[in-house]
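Report on the structure
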Amino acid sequence: MADRPFIRIGKRCLGLIRRHRTACGAAVGTVLVIMGILVVLGPMSWWVAGGTVRDLHGKDRADALNAVRQTVLAAVAGVSVLLGLGYTARTYQLSRRGQVTERFSRSVGQLSSGKPEERLGGIYGLEHVMAESAQDHATVVGVLSAFVHTNARRPGTPPLPSGSRDAVPPRAVPAWGTEPPADIKAAVEVLARRPQREEAGRIDLRSTELAGLPLRSFDFHARPRLSRALLTWADLSRADLRGADLSGAILTGADLRHSFLARSCLDNALMAEADLRGALLGEATLLGTDLSGADLRDAEGLTARQLAAAVIDEETRLPSGLASDPWVTARLVACRAWRTQGQRDAHTPPPPTPFAG
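My aim in this report is to walk through the structure given alongside it, one point at a time. (Residues numbered from 1 in each chain as written. Predicted model: local features only at pLDDT ≥ 70, side-chain atom pairs only at ≥ 80, totals over all residues. Heavy atoms only, no water.)

Looking at the side chain of Ser-107
Note the cut-off: Secondary structure is summarised from DSSP: a helix means a run of H or I of at least four residues, a strand means a run of E of at least two, and numbering begins at the N terminus for each. A simple rule labels every residue: compare its accessible area, found with a 1.4 Å probe on the protein chains alone, to the largest value its type can have, and call it buried under 20%, exposed over 50%, or partly exposed in between. In the analysis that follows, any N or O atom pair within 3.5 Å is treated as a polar contact, provided that within protein one partner can donate a hydrogen and the other can accept it, and provided that, for residues neighboring in sequence, both atoms belong to side chains. Any two residues whose heavy atoms approach within 4.5 Å are treated as being in contact.
In this fold, Ser-107 is placed in helix H3 (residues 58-111). Residue classification places Ser-107 among the buried residues on the basis of a relative accessible area of 5%. At 2.9 Å, the side chain of Ser-107 and the backbone oxygen of Arg-103 are in polar contact. Those residues in contact with Ser-107 that lie beyond four places of it in its chain are Gly-122, Gly-125 and Leu-126.

As structure tokens, then:
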């Protein structure tokens, strides 16, 4: 029972420490700093000085020891500054990461808003996140692709294989001036001007309703890019894609009737079974473009030189003036030989057919 006063004193001390936690912490910190300085000026300085200084006497030893202490203090101060800079940089990175995460979450939440202006704000907010954070690039691209894919879903079913397409009445081409809703258009524009970074996957815009989409190169600071995008069975009729980069895109079965593709890059794009009737193709590049079974009747600006670099077959429907062109006929023979030799699975199209005239 005699130890109870000590227990009461201990509890009072703990209470005082808890009530004055900040002051106690500062006091402990001050004591530790003083102890550290004493260690640096005492044992550490003597250890660094070594036997050479210890063998000196009188004023010479005092001067040499002071020089050693100044050197050690400068070194410790330098290390402290570096540690402080590292801590500050780490704190800044964590703070910035937290801000990016907060902005990302807020922008994604805006996409589900019933107000168009809030959805637009969310889309442009995600663009800022993607521009500032390479780490979030793929995530933002996936979110925007899913937004377009979900809210601009093309109705109906995919067209029938080649040979039976005429059994299905084609959809009417939309009127001039038709465009996707503002939020869908903004999301595709953001995807088209995304930063140039390595991407493991493709932008998924399959089976989307994008009729009349304006994606002209002269409306962008850099060439709009939908390269390697998945646009299978997408409705791009009357879309204005002049100068756009669609290289490597998959446009199988896509509706591109009366679309503007002048000066666009369609190199290595897969456009099998695509409907390009009435499309404007002047100066478009078609190097390695797979037009197997594509419908190019009434396409404007298309030349034999362009087709001589593409992949065509007997099911490819060409304008009447090009179907009988000797250069196009030679290209068809070269593509047939390429398929016969089993090279199609090598993903390397036959080289452009030279003019034989």
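What to know about the packing of helix H4 (residues 116-132) against helix H5 (residues 137-151)
The axes of two packed helices give the description: the angle between them and the distance between them. The cut-off we apply is this: Where helices are involved, their axes are fitted lines through C-alpha atoms of the stretch in contact, as for all axes, and angles between N-to-C directions lie from 0 to 180°. Angular relationships are summarised with four words: roughly parallel below 35 degrees, roughly antiparallel beyond 145, roughly perpendicular across 65 to 115, and oblique for the angles in between. Crossings are classed by handedness, with left-handed meaning an anticlockwise turn of the near helix from the far one by less than a right angle and right-handed meaning a clockwise turn. Residue type decides the class: Asp, Glu, Lys and Arg count as charged, Ala, Val, Leu, Ile, Met, Phe, Trp, Tyr, Cys and Pro as nonpolar, and the leftover types, Gly among them, as polar.
Two numbers describe how H4 lies on H5: the axes approach to 9 Å, and their chain directions differ by 155°. Judged on the interaxial angle alone, H5 and H4 are roughly antiparallel. For the crossing formed where H4 meets H5, the hand is left-handed. Counting all contacts with H4, which are made through Arg-119, Ile-123, Leu-126, Val-129 and Met-130, the residues of H5 involved are His-137, Val-140, Val-141, Val-143, Leu-144 and Phe-147. Of the residues belonging to the contact of H4 with H5, the class tally is nine nonpolar, one polar and one charged.

Some points on the packing of aromatic side chains
How we decide: Under the pairing criterion, centres of Phe, Tyr and Trp rings, with the six-membered ring standing for Trp, must be within 6.5 Å; the plane angle then separates stacked pairs below 30 degrees from edge-to-face pairs above 60, leaving the rest tilted. Put simply, a charge is over a ring when the Lys NZ or the Arg CZ is close to the ring centre, within 6 Å, and near the line of the ring normal, within 35 degrees.
Inspection of every chain in the model, using the stated rule, returns two aromatic pairs. Here Trp-176 and Phe-260 contribute two aromatic rings whose centre-to-centre distance is 5.9 Å and whose plane-to-plane angle is 55°, an arrangement assigned as tilted. Taken together, the residues span a long stretch of sequence, with Trp-176 in the loop between H5 and helix H6 (182-192) and Phe-260 in the loop between H6 and helix H7 (304-307) at a distance of 84 residues. If you follow Arg-154 out to its NZ or CZ, it ends over the ring of Trp-233, 4.0 Å from the centre. Taking NZ or CZ as reference, Arg-242 lies 5.4 Å from the ring centre of Phe-260, over its face.

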